[in-house]
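Each chain is listed here by its residues.
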Amino acid sequence: MSTTHDVTNQVPPLVDYDAADYPVLLEGLVREDAGWAADELHTLGRLAGSKQAQQWGDLAEAHPPVLKTHDRYGHRIDEVEYLPAYHQLMRTAVEHGLHCSPWSEPGPGAHVARAAKFLVWSQADAGHGCPISMTNAIIPALRANPELSATYEPLLTTRTYDFGLRAPLGKRGLIAGMSMTEKQGGSDVRANTTRAVVQSDGSSRLTGHKWFTSAPMSDVFLVLAQEADAGVSCFLLPRVLPDGSLNRMFLQRLKDKLGNHSNASAEVEYDEATARRVGEPGRGVRTIIEMVNMTRLDCIIGTAAGMRAGVAQATHHATYRAVFGKQLVDQPLMRNVLADLAVEAEAAATVALWLAGTTDRAVAGDEKAAALRRIGLSVSKYFVCKRGPGHAAEALECLGGNGYIEESRMPRLYREAPLQSVWEGSGNVAALDSLRAMGREPQSLAVFFDELDSVAGADRHLDTAVAALKAELSDLDNLEIRARRVAEHMALALQGALLIRSGHPAVADAFCASRLGGDWGSAYGTLPAGVDTAAIIERATPKV
Ligand SMILES: Cc1cc2nc3c(=O)[nH]c(=O)nc-3n(C[C@H](O)[C@H](O)[C@H](O)COP(=O)(O)OP(=O)(O)OC[C@H]3O[C@@H](n4cnc5c(N)ncnc54)[C@H](O)[C@@H]3O)c2cc1C
């Protein structure tokens, strides 16, 4: 065919750049005691921004895993097949310690360094972050059984990715999952019907089903099951038994999901599957909550990663695309949209890194930090994750029609975003958990307000918001119906305080005027005139 036209004004792909070269991340790293990890972060950032890693992500997204219940001869194998691209993503994450480093190399900033890396690497593909997150998260829960922990922790914390159906103790590295949700209830896990029967050798046999179990190719799982006379207990269940035979864990189907395509999520049946209890009988929820709290933090980091990826694409596109005689980035209304999206992303990343730092301090024995983390995590899990889908939709729109097309990588950000709010405590559950935290640990509210008061007088909008919050919490009537409002206001005040204390002044001002002062609309791109959009967009635009 003869040439019909020249292709002009299409944007070069955002590729071969350093995804870690993001001031919010680098400043947060230093602030939260993890400046030592900057070189490692840049190495991973360059990889995340490389064409190679983007191809792995694209392939893993386009070719979801396939369940193989049987081998060619009819034997059950219950295995999941993934493309090599998925294994490359997993291998890279494991080699960089995203599945373990705060536990294998503890110390100041350990959780922060890992959080920053998780935020950067998730931008290549979000789905494989699920098993990586669960492996990192299982370790503190597993420590409730010192014997099992001594056996498995060394293998969960190697930097070797060793995929395949083999006995865990013979492998060079392990991946972990969690199996709680049943058909009749996911939020209310005390309604679990899976039964555990203790055997004479101290092990248990588990019989029942799980309606959702992600990453079913994992080597070990924490599973909740009812133990006679005790209630819900927590168990460690290997997929392959020490003699190499398959445990009686049968994969029924993989879920056909809205997004999160590279990750497999299965329906599972346990038929007298062998497991060992972790923690006290009947204290299963208390035991597994150690794991859930870590994965909740990763939901916040994952949302911040999605927002960062969206803003990077949107600002990059606007820099190169011209409309009506100007670059898009120079059109005043687009500047408002980009700056508004960037402010949201910066607030999310800032609170994510702060929570990781608070986790470091809590793990080191700081009780005040532990209380702060408890409340900060629940309000932020609710609110930051809740903000994800709208943010993804608006970032997508900045690319116009191209943003709606799969190759732009924007649709997957959009599909992934609601999941962070659904799992690990869906919106209402997370908001109600904030109330529970305040009720059970009243000191957590006091330390929370101390944190806000530490910047009192710096911004009138924040001062007014904190006063209103105190008034709101002094009225205990109908608190449950107000749980979302309360969690939202707390999360916003926390983000505002953190940005004022250590964020870029232009971002802090824009955040406080809009989100706390109410000088804002109900869609992005409604920041008040006078906001320093130049500074905000400059910080957010990836350097290619
Ligand atoms: C892709 C994907 C992967 C998953 N992977 C796993 C996994 O690996 N392991 C695992 O165990 N689970 C997994 N889950 C399950 C997930 O954690 C649950 O779906 C979630 O916890 C909600 O439980 P549910 O689906 O039973 O909904 P329900 O508990 O029935 O909740 C439905 C709605 O009711 C709300 N609600 C619940 N309680 C209250 C209340 N008291 N007041 C007001 N509102 C309330 C919830 O917020 C939610 O909006 C996965 C889910 C998805 C979508």
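Residues numbered from 1 in each chain as written. Predicted model: local features only at pLDDT ≥ 70, side-chain atom pairs only at ≥ 80, totals over all residues. Heavy atoms only, no water.

**Q** How do you make sense of the site of the ligand when you look at a structure like this?
**A** Around the ligand sit 20 residues in total, of which Met 180, Thr 181, Gly 186, Ser 187 and Ser 214 are the nearest. Thr 181 has a polar side-chain atom sitting 2.7 Å from a nitrogen atom of the ligand. Within the contact set of the ligand, an oxygen atom lies 2.5 Å away from a side-chain nitrogen or oxygen of Ser 187. Compared with its free state, where it exposes 970 Å², the ligand has 66% of that area covered by protein. (Near = heavy atom within 4 Å. Polar contact = N/O pair within 3.5 Å; in protein donor to acceptor, adjacent residues only side chain to side chain. Areas by Shrake-Rupley, 256 points an atom, 1.4 Å probe, with all protein chains shown as cover.)

**Q** Any chance you could explain unusual backbone geometry here in plain terms?
**A** Note: most peptide bonds trans; most residues except glycine with negative phi. The phi angle at Glu 272 is positive, at roughly 60 degrees, despite the residue not being glycine. Along the polypeptide, Glu 272 turns up in strand β9 (residues 265–278). Looking at Glu 272, the relative accessible area reads 48%, which means it is partly exposed. Backbone geometry at Asn 478 places phi at a positive 50 degrees, although glycine is not the residue there. Among the secondary structure elements, Asn 478 is positioned in the loop between α16 (460–474) and α17 (483–502). With a relative accessible area of 59%, Asn 478 lands in the exposed category. (Helix = DSSP H or I, 4+ residues; strand = E, 2+ residues; numbered from the N terminus. Buried < 20%, exposed > 50% of the residue type's maximum accessible area, 1.4 Å probe, protein only.)

**Q** Is there a simple way to explain the packing of aromatic side chains in this structure?
**A** The geometry of two aromatic rings is summed up by the distance between their centres and the angle between their planes. The full count for this structure, using the stated rule, is 6 aromatic pairs. Seen from their ring centres, Tyr 161 and Phe 163 are 6.5 Å apart, and the 45 degrees between their planes marks the pair as tilted. Directly above the ring of Trp 211 sits Lys 255, whose terminal nitrogen or CZ lies 3.3 Å from the centroid. Across from the ring centre of Phe 212, 4.4 Å away, lies the NZ or CZ of Lys 255, which sits over that ring. (Phe/Tyr/Trp six-rings, centres within 6.5 Å; stacked < 30°, edge-to-face > 60°. Lys NZ or Arg CZ within 6 Å of the ring centre and 35° of its normal.)

**Q** Before we go on, may I ask you to explain the environment of Asp 459 in this structure?
**A** Relative to the assigned elements, Asp 459 resides in the loop between α15 (442–453) and α16. The class for Asp 459 is buried, based on a relative accessible area of 11%. Residues Asp 459 and Gly 127, spaced 332 residues apart in sequence, show a C-alpha to C-alpha distance of 39 Å. Ignoring sequence-local partners within four residues, the contact set of Asp 459 consists of Ile 500, Asp 509 and Cys 512. Side-chain polar atoms of Asp 459 contact the backbone nitrogen of Leu 462, separated by 3.1 Å. (Contact = heavy atoms within 4.5 Å.)

**Q** Where do I start with the environment of Val 363 in this structure?
**A** Checked against the element boundaries, Val 363 lands in helix α10 (residues 332–363). Through-space distance from the C-alpha of Val 363 to that of Pro 84 is 36 Å; in sequence the pair is 279 residues apart. Excluding residues that lie within four positions of it along the chain, Val 363 makes contacts with Trp 103 and His 111.

**Q** In this structure, what is going on with the pattern of salt bridges? I would like to understand it.
**A** Pairing is possible between side chains that carry opposite charge, provided their charged atoms lie close to one another. Considering all chains together, one arrives at 33 salt bridges under this definition. In this structure, Lys 117 and Glu 40 form a salt bridge, with 2.6 Å as the shortest nitrogen-oxygen distance. Residue Lys 117 is found in helix α6 (residues 110–121), and its partner Glu 40 is found in helix α2 (residues 38–48); the two are separated by 77 residues along the sequence. A relative accessible area of 5% places Lys 117 in the buried class. Of the charged contacts, one joins Asp 453 and Lys 470 as a salt bridge, the two residues approaching to 3.2 Å between their closest N and O atoms. Remark: Lys 470 occurs in helix α16 and Asp 453 occurs in helix α15; sequence separation between them is 17 residues. On the accessibility criterion, Asp 453 (34% relative accessible area) is partly exposed. Among the residues examined, Lys 470 registers a relative accessible area of 35% and is labelled partly exposed. Each member of the salt-bridge network shares a partner with another, and the members are Arg 296, Arg 374, Asp 433, Arg 436 and Glu 441. (Salt bridge = Lys/Arg side-chain N within 4 Å of Asp/Glu carboxyl O.)

**Q** What is the right way to look at the layout of surface pockets in this model?
**A** Sizing a probe to match a water molecule and rolling it over the atoms shows the empty space that remains. For the second largest pocket, the calculated volume is near 520 Å³. What lines the second largest pocket is a set of 19 residues, among which Val 11, Pro 13, Leu 14, Glu 407 and Ser 408 lie closest to the centre. Counting residues per element, the lining of the second largest pocket draws most heavily on helix α3 (residues 51–62), at 4 residues. Within the lining of the second largest pocket, the residues separate by chemical class into 7 nonpolar, 8 polar and 4 charged. (1 Å grid on protein atoms, 1.4 Å probe; cavity = no way out; pocket = protein on both sides within 12 Å on 5 of 7 lines; lining within 4 Å. Points joined across faces, edges and corners; volume = space filled by probe spheres on them. Nonpolar A, V, L, I, M, F, W, Y, C, P; charged D, E, K, R; others polar.)

**Q** Hey, could you run me through empty space enclosed by the protein in this one?
**A** Tallying each qualifying case throughout the model produces 4 cavities of 30 Å³ or more. Space inside the largest cavity adds up to approximately 70 Å³. Contributing to the lining of the largest cavity are 14 residues, with Tyr 161, Asp 162, Phe 163, Ile 175 and Asp 219 lying nearest its centre. Broken down by class, the residue content of the lining of the largest cavity amounts to 7 nonpolar, 4 polar and 3 charged. Each pocket or cavity is described by its volume, and for the second largest cavity that value is around 50 Å³. Along the walls of the second largest cavity sit Ile 77, Asp 78, Leu 165, Arg 239, Leu 246, Asn 247 and Met 249, which together make up its complete lining. Split by residue class, the lining of the second largest cavity holds 4 nonpolar, 1 polar and 2 charged.

**Q** So what exactly am I meant to see when it comes to the nonpolar core here?
**A** Formed by 171 residues in total, the largest nonpolar core has its most connected members in Trp 121 and Met 490. Contacts of Trp 121, omitting those with residues within four sequence positions, involve Leu 44, Leu 47, Ala 48, Ala 53, Trp 56, Leu 89, Thr 92, Ala 93, Leu 98 and His 128. (Core = buried A, V, L, I, M, F, W, Y, C linked by side-chain atoms within 4.5 Å.)

**Q** Is there a simple way to think about a positive patch on the surface in this case?
**A** Where like charges cluster on the molecular surface, the positive patch consists of Arg 190, Arg 283, Arg 286 and Arg 440. With a relative accessible area of 62%, Arg 440 lands in the exposed category. (Patch = residues over 30% accessible without salt bridge, like charges linked within 9 Å, V, L, I, M, F, W, Y side chains within 5 Å. Lys, Arg positive; Asp, Glu negative; His and termini not counted. Charge placed at Lys NZ, Arg CZ, Asp CG, Glu CD.)

**Q** Sorry if this is basic, but what is going on with helix α4 (residues 84–95) here?
**A** Note that an α-helix has 3.6 residues per turn; residues three or four places apart therefore point the same way. End to end, α4 covers 16 Å across 12 residues, agreeing with the expected 16 Å (1.5 Å per residue, within 8%). Residues of α4 that are buried include every one of Ala 85, Tyr 86, His 87, Leu 89, Met 90, Thr 92, Ala 93 and Val 94, and no others. Here the buried face of α4 lies against α2, α3, α6 and α7 (129–142). Downstream of α4 by one or two residues, Gly 97 has phi in the positive range, about 75 degrees. (Expected span 1.5 Å × (residues − 1).)

The values are spatial; any link to function lies outside them.
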